[in-house]
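A look at the structure
These are the residues of each chain, in order.
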Amino acid sequence: MLRVHSFESLGTYDGPGIRLVVFLQGCNFKCLYCANADTIELKGGTETSVDEIVGMAKNQKPFFGKKGGLTFSGGEPLVQAKQLLPVVKALKEEGFHVCIDTNGGILNEDVKAVLEYVDIVLLDIKHINAAQHQLLTGKSNEKTLAFVDYLRANNKPVWLRYVLVPGYSDNPEHLHQLGEHFKDFTNIEKLEIQPYHELGAHKYEHLGWEYQLKGVKANTPEQLDAAYNILTKYFKEVVIN
């Protein structure tokens, strides 16, 4: 049984085509800008069976078309890798396209088994600089970088996702470092720039937590264009979501 926070039907920003997005409960990071802060704690959510998820997928299959399918997000879906494995296995047996949206901070045998049934990994790279990554997430980026190396070694298709937080992750020097680090990873199909927003700030208040990025404004078009112009030098495709 998976602990599911929520579902989103007809998703268009979480992998190719139209998708059923399954948000799982629990996360090993605590990002300052998290839009789903209520998914961080593992407790909570609704216990959901393999059959329920496969049944939902079958019901929505007419909307998926040739490219769509399911995306497991969160939270961090690989926190529940052992419980997720029979779900993705069943979905692949039914012919569904499967994506995992992950921060790459967990790599164990259960995770490796799950990845065998995943078509595309949406890898949320929080920061290439170790100190800034620690500041943004509360964790080192060492495990995430090792995770991407594992995906490369196994030729698993990857879409990198990068949240552009003004004053935190938009330094041109760091963007160049990000590009230099990943430019030769042939399995990385594209990079998606995710504009910063405060849409999840109210959830912090509800949880009794302080939102650490008060006063940080949304990206200007100029900031987004500047990041785009740098990153297009290194990646086959760059998009602004």
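First, a word on scope: everything that follows refers to the structure included in this document.

Conventions adopted
The numbering scheme is per chain: residues are counted from 1 as the chain's sequence reads. Two thresholds apply to this predicted model, a pLDDT of at least 70 for residue-level local features and 80 or more for giving and counting side-chain atom pairs, whereas whole-chain, interface and lining totals are computed over all residues. Values shown for side chains rest on all heavy atoms present in the structure; no hydrogens or waters enter the calculation. The helix and strand labels rest on DSSP assignments: H or I over at least four residues marks a helix, E over at least two residues marks a strand, and numbering proceeds from the N terminus. As a reference, a globule follows 2.2 Å times the number of residues to the power 0.38, and the radius of gyration itself is taken over C-alpha atoms. Burial classification: accessible surface area is computed with a 1.4 Å probe over protein chains only, and a residue below 20% of its type maximum counts as buried, one above 50% as exposed, and the rest as partly exposed. By definition in these notes, contact holds between two residues if any of their heavy atoms fall within 4.5 Å. Where accessible areas are quoted, they stem from the Shrake-Rupley method and a 1.4 Å probe; at the residue level, only the protein chains shown are allowed to cover. All tallies of charge rest on Lys and Arg as positive and Asp and Glu as negative; His and the ends of each chain are not included. In this description, the location of a charge corresponds to atom NZ of lysine, CZ of arginine, CG of aspartate or CD of glutamate. In this description, strands pair whenever DSSP reports at least two bridges between them. Every crossover in which the path from the first strand over the helix to the second runs clockwise, viewed with the strands pointing away from the viewer, is termed right-handed. Here a Phe, Tyr or Trp ring, Trp counted by its six-membered ring, pairs with any other such ring whose centre lies within 6.5 Å, and the pair is stacked when the planes are under 30 degrees apart, edge-to-face when over 60, and tilted otherwise. Here, a charge over a ring means that NZ of Lys or CZ of Arg falls within 6 Å of the ring centre while also lying within 35 degrees of the ring normal. Any carboxyl oxygen of Asp or Glu within 4 Å of a side-chain nitrogen of Lys or Arg constitutes a salt bridge here.

Looking at the overall build of the protein
- Helix and strand content of the protein: eight helices and nine strands.
- For the protein, the C-alpha radius of gyration of 17 Å lies close to 18 Å, the compact-globule estimate for 241 residues.
- Projected onto its principal axes, the C-alpha positions of the protein cover 45 × 45 × 35 Å.
- Going through the 241 residues of the protein one by one, you find that 49% of them count as buried.
- The long-range share in the protein, meaning contacts at least 24 apart out of those at least 6 apart in sequence, stands at 71%.
- Surface summary for the protein: the accessible area is close to 11,200 Å², and the carbon and sulfur share equals 50%.
- If the 25 positive side-chain charges of the protein are averaged to one point and the 30 negative ones to another, these points end up 3 Å apart.

Considerations on the pairing of strand S5 (residues 97-102)
- The element S5 is largely enclosed, with a buried count of five among its six residues.
- Of the pairings in the sheet, the one linking strand S4 (residues 69-73) to S5 comprises four bridges and is parallel in character. Among the inter-strand pairings, Phe72 is bridged to a residue of S5, identified as Ile100.
- Remark: the S4/helix H2 (residues 81-93)/S5 crossover connection has right-handed handedness.
- When S5 meets strand S6 (residues 120-124), the two strands line up parallel, connected through four bridges. Bridging across to S6, Ile100 finds its partner in Val121.
- The handedness of the S5 to S6 crossover, carried by helix H3 (residues 109-115), is right-handed.

Quick notes on the packing of aromatic side chains
- By the definition in use, this model includes two aromatic pairs.
- Seen in terms of ring centroids, Phe182 and Phe185 are 5.2 Å apart; in terms of plane orientation they differ by 75°. Their pairing is edge-to-face. The burial state of Phe182 is the same as that of Phe185; both residues are buried.
- The positively charged end of Arg152 is found above the aromatic ring belonging to Phe185, 4.1 Å away from the centroid.
- A cation sits over an aromatic face here: Lys190 above Trp159, 3.9 Å from the ring centre.

Brief notes about the pattern of salt bridges
- Applying the stated rule across the entire model yields 11 salt bridges.
- For Asp101, the salt bridge is made with Arg161, and the minimal N-O distance between the two is 3.0 Å. In this pair, Asp101 is assigned in strand S5 and Arg161 in strand S7 (residues 158-164), connecting sequence segments 60 residues apart. For the pair Asp101 and Arg161, a shared accessibility class is recorded, and that class is buried.
- Ionic pairing is found between Glu109 and Lys112, a salt bridge with its closest N-O pair at 3.6 Å. Placement of both Glu109 and Lys112 in helix H3 is noted, with a separation of three residues, approximately one turn of the helix.
- Residue Glu109 is classed as exposed on the basis of its relative accessible area of 59%.
- Several salt bridges share partner residues, and in doing so they unite Asp14, Asp101, Arg161, Lys190 and Glu192 into one network.

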